[in-house]
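Survey of secondary and tertiary structure
Residue-level listing of the chains:
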Amino acid sequence: MTGQLNRIDVTVLPLSWTKPLPPEAGGSWSPALSPDGRHCAYISDRGGRPQVWVQPVGTELDFLVDTGPEPVTCVQWSTGGGWLACQLAPGGGPRHEVWLIRPDGSELHQVAGFGADDADNMRWLPGRSLLALTENLTTGLLIDPVHNTRSVVAKGSLTVLLDVSATHALLRIGPRGDRQIVTRDLTTGADTMVALGEQAIFAPDGAVFARSEAGEFPALIRVAPDGGVSVIAAAARAEVEAFTLTADATAAAVLWNVRGGESEIEVVDLRDGTRRRVEPLPASVISELAWSFDGSGLAFTAEGPGQPHGVWVFAGDEVRPVSAARPAPGSVQPTLEVFAAHDGLELSGWLFRPAGDGPHPTVLWFHGGPEAQERPGHSPLFQSLVDRGIAVFAPNVRGSSGFGKSFVNADNGVLRYAGIEDVRSCVRHLVATGVSDESRMGCMGRSYGGYLTLAALTRFPDLFAVGIDVCGMSNFSTFYQHTEPWIAAAAISKYGDPVEDAALLADLSPITRIDRLTTPLMIVHGENDTNVPVIEAEQVAAALTERGVEHRYLLFPNEGHTFLHSTSRADYLHETVTWLTDHLS
């Protein structure tokens, strides 16, 4: 990281919310501070489903803001203080609605995501009661709750509205892995390129702060109104994961991704360039940085092994909990394993190892994305398996984020074969180091990780004793046909074109080789998943039934691509642990 960092002497205060959480609970997340930083709104599933809560910072006096029966996935507090913008997931599915409600729970009404539309990327404009958001990755809108109006600011394929000034819109345009940030003149419609990347914001003087992906590792830059570029934060072997700017642009909080997935927070004074690192942090993985409008407080979410998501606020050199659970006693802390793939590429992953000498029965867990990253966060599944003597290895195979541009693009298109081969490299490493019993290996994953599980089971049929596919793709052709159109359009840069690359996609589809799958398989899916539609699970289940292969199919009603209800997660956890234990013990 650039510059000289000064350590902040932070006091981590005792946890204010220590109510016991069931192991399947997600905790609290999506913090949003009131303009003066004295109150915090956040999402918590302590009542069984994600709902909005508001709590004075430094007290335990939390109260529910009732938005109805549907799960809430995100909340943001208007910079004027009068509204909470809430993103809801009807039926637990990936299509979102946006509703506004007063912090006292009055005047609830819907403003976006009507019908089949999907509303996302909410942002309150500083000092104004205007909410910017995007529908269907095509239409940027400004919502004015005072005058009850919706104004179209920008339209275009794969377009996201990031911010709006008096004269320009700040847009993100393009598919996954190839996105550009541009300013669009609201009078002429002309676009000006700002940076390669996904996150950006206007400063009051018209400058743009952006997370630039032009280099190997993302950096935070400032692009002046005259086009001059200055680097605010950059490092040779660490990523600027995200940033947030105070409304007056006097300070930036930078979230760093370091050491294979751990987090650091750096506060940069943009007036004199001084830097301070917030430490110690309350957990190993940090996300969702958010300043209060007056800059007095910085809220964030923190999680770690055995420690569910919790909401914290940094203010006055103190890190104060708002809604956070204590780490479960005896939780296993993972170690970072680094090893070489079949072609020499450096891979890594987090190993959760049971007590006692190995080799152990082992489960490989593959994250989604594939541009996501496995990090040392909270996983009730991992802890439950280790308690039963089963090791868990969660690798970051090529295509994962957190390790630079070359690595995240190393599985695009025809390169996906090498990503699948990384699975076998993981097994070889675990067996060679004495961690794992090669006769008792299992694999599982969610979303893209579910696809990778199916791909491994069909290409290496003798490698695993058991598998679990959670919301994974089995057939690229049917995926492209049935997923949301904006998801399909954005995925072409990663997987390939469904027409031009049809032969490649067919060969990469596990359904093409389903005759080779003989491993006992559990298939898990949400009934309302429109990201990876349920047909991806149904065709696998039907094929295994026809061939007499041992399998189990769990379909969760009122859930989508992510299981949002605690009861669903509890059932999923129980069934998954039972299935793996029965086949690996």
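What you see is a predicted model; the values in this text were computed from it and never measured.

1. With respect to the overall build of the protein
The helix and strand tally for the protein stands at 9 helices and 37 strands. For 585 residues, the compact-globule formula gives about 25 Å, and the C-alpha radius of gyration of the protein, at 23 Å, lands near that figure. Oriented by its inertia axes, the alpha-carbon framework of the protein measures out at about 65 × 55 × 45 Å. In the protein, buried positions account for 60% of the 585 residues. The long-range fraction of contacts in the protein, counting pairs at least 24 apart against all pairs at least 6 apart in sequence, stands at 55%. Here the protein holds 42 positive side-chain charges and 69 negative ones, and the gap between their average locations is 2 Å.

2. Observations concerning the pattern of salt bridges
Under the counting rule described, the total for this entry stands at 33 salt bridges. For the salt bridge of Asp163 with Arg123, the shortest nitrogen-to-oxygen distance reads 3.2 Å. Placement of the pair is Asp163 in strand β15 (residues 159-164) and Arg123 in strand β11 (residues 119-124), with a sequence separation of 40 residues. Of the two residues, Asp163 and Arg123, neither departs from the other in class, the shared state being buried.

3. A closer look at the sheet that holds strand β35 (residues 466-470)
In spatial order, the strands read β30-β31-β33-β32-β34-β35-β36-β37; together these 8 strands make up an open sheet with mixed pairing. Two strands in the sheet have a free side with no partner beyond their single neighbour: β30 (335-340) and β37 (551-556). Strand-to-strand twist of the sheet, defined as the mean angle between neighbouring strand axes without regard to direction, takes the value 20°. With 5 bridges joining them, strand β31 (residues 346-352) and strand β33 (residues 391-396) adopt antiparallel strand pairing. By the bridge assignment, Phe352 is partnered in β33 with Val392. The sheet contacts of helix α8 (residues 535-547) involve β36 (521-526) and β37, and relative to β36 the element is tilted by about 150°. Sitting on the sheet, helix α9 (residues 566-584) is in contact with β32 (360-366), β34 (436-446), β35, β36 and β37, with an inclination near 160° to β35.

4. Observations concerning the pairing of β31
β31 sits mainly inside the fold: 6 of its 7 residues count as buried. The pairing of β30 with β31 spans 6 bridges and is antiparallel. Counterpart to Phe339 in the pairing with β31 is Leu347.

5. Let's talk about the side chain of Glu374
Within the secondary structure, Glu374 is located in the loop between β32 and α1 (380-387). For the buried residue Glu374, which engages in no salt bridge, the nearest side chain bearing the opposite charge is Arg375, 8.7 Å off. Residues contacting Glu374, with those up to four places away along its chain left out, are Gly260, Trp350, Trp365, His367, Phe382, Ala394, Pro395 and Asn396.

6. Digging into the environment of Ala203
Along the polypeptide, Ala203 turns up in the loop between β18 (191-202) and β19 (208-212). According to the relative accessible area criterion, Ala203 is buried, its value standing at 8%. C-alpha separation for the pair Ala203 and Gly399, spaced 196 residues apart in sequence, amounts to 33 Å. Setting aside its immediate chain neighbours within four residues, Ala203 contacts Phe209, Leu245 and Ala249.

7. Here's the deal with the sheet that holds strand β7 (residues 72-77)
Across the sheet, which stays open at both edges, the 4 strands sit in the order β7-β8-β9-β10 with antiparallel pairing between neighbours. The outermost strands of the open sheet, each flanked by one partner alone, are β7 and β10 (109-112). Taking each pair of neighbouring strands and ignoring which way they run, the sheet shows an average axis angle of 30°. Here 5 bridges tie β7 to strand β8 (residues 84-88), and the two strands are oriented antiparallel to one another. Paired with Val75 across the bridge in β8 is Cys86.

8. Structural notes on the packing of α1 against α9
Here α1 crosses α9 at 35°, and the two axes come no closer than 10 Å. Taken as a pair, α1 and α9 cross one another with a handedness that is right-handed. Together, Pro380, Leu381, Ser384 and Leu385 of α1 and Tyr572, Leu573, Thr576, Val577 and Leu580 of α9 make up the contact between the two elements. For the contact of α1 with α9, the residue count by class is 7 nonpolar, 2 polar and no charged.

9. Details of the packing of helix α3 (residues 416-432) against helix α4 (residues 448-459)
At a minimum axis distance of 9 Å, the contact between α3 and α4 shows a crossing angle of 75°. Considered as vectors, α3 and α4 are oriented roughly perpendicular to each other. Contacts from Arg416, Tyr417, Gly419, Ile420 and Val423 in α3 reach Tyr448, Tyr451, Leu452, Ala455, Ala456 and Arg459 in α4. Across the contact of α3 with α4, the residue classes break down as 8 nonpolar, 1 polar and 2 charged.

10. Side note on the confidence of the model for the protein
Chain-level statistics for the protein give a pLDDT mean of 94 and a share of 96% at 70 or above. Overall, residues 1-19 carries pLDDT values under 50, and its contacts beyond four positions in sequence, including any with other chains, amount to 68 contacts.

11. Here we look at unusual backbone geometry
Looking along the chain, the bond that leaves Glu279 and enters Pro280 is cis, with omega of 0°. Inspection of the secondary structure assignment puts Pro280 in the loop between β25 (275-279) and β26 (285-291). Of note in the backbone geometry, Ser447 takes a positive phi value of approximately 60° without being a glycine. Residue position: Ser447 is located in the loop between β34 and α4.

12. Points about the environment of Arg222
If you trace the backbone, Arg222 turns up in strand β20 (residues 219-223). On the basis of relative accessible area, Arg222 is assigned to the partly exposed category, the value being 23%. With 135 residues separating them in the primary sequence, Arg222 and Gln87 have C-alpha atoms 30 Å apart. Dropping the residues within four chain positions of it, Arg222 is found in contact with Asp205, Ala207, Val208, Phe209, Gly228, Val229, Ser230 and Ile232. Side chain to side chain, Arg222 and Asp205 meet in a polar contact 2.7 Å long.

13. Digging into the pairing of strand β17 (residues 180-185)
Relative to β17, strand β16 (residues 168-173) runs antiparallel, the two sharing 6 bridges. Note that in β17 the partner of Ala169 across the bridge is Arg184. Connecting the antiparallel pair β16 and β17 is a turn made up of 6 residues, with Gly174 showing a positive phi of about 125°. When β17 meets β18, the two strands line up antiparallel, connected through 5 bridges. In the sheet register, Arg184 faces β18, and the bridge partner there is Asp191.

Rules behind the numbers
Residues numbered from 1 in each chain as written. Predicted model: local features only at pLDDT ≥ 70, side-chain atom pairs only at ≥ 80, totals over all residues. Heavy atoms only, no water. Helix = DSSP H or I, 4+ residues; strand = E, 2+ residues; numbered from the N terminus. Rg over C-alpha atoms; globule rule 2.2 N^0.38 Å. Buried < 20%, exposed > 50% of the residue type's maximum accessible area, 1.4 Å probe, protein only. Contact = heavy atoms within 4.5 Å. Lys, Arg positive; Asp, Glu negative; His and termini not counted. Charge placed at Lys NZ, Arg CZ, Asp CG, Glu CD. Salt bridge = Lys/Arg side-chain N within 4 Å of Asp/Glu carboxyl O. Pairing = 2+ DSSP bridges. Axes fitted to C-alpha atoms, helices over the stretch in contact; angles between N-to-C directions. Left-handed = near helix turned anticlockwise from the far one by under 90°. Nonpolar A, V, L, I, M, F, W, Y, C, P; charged D, E, K, R; others polar. Parallel < 35°, antiparallel > 145°, perpendicular 65-115°, else oblique. pLDDT = per-residue confidence, 0-100. Polar contact = N/O pair within 3.5 Å; in protein donor to acceptor, adjacent residues only side chain to side chain.

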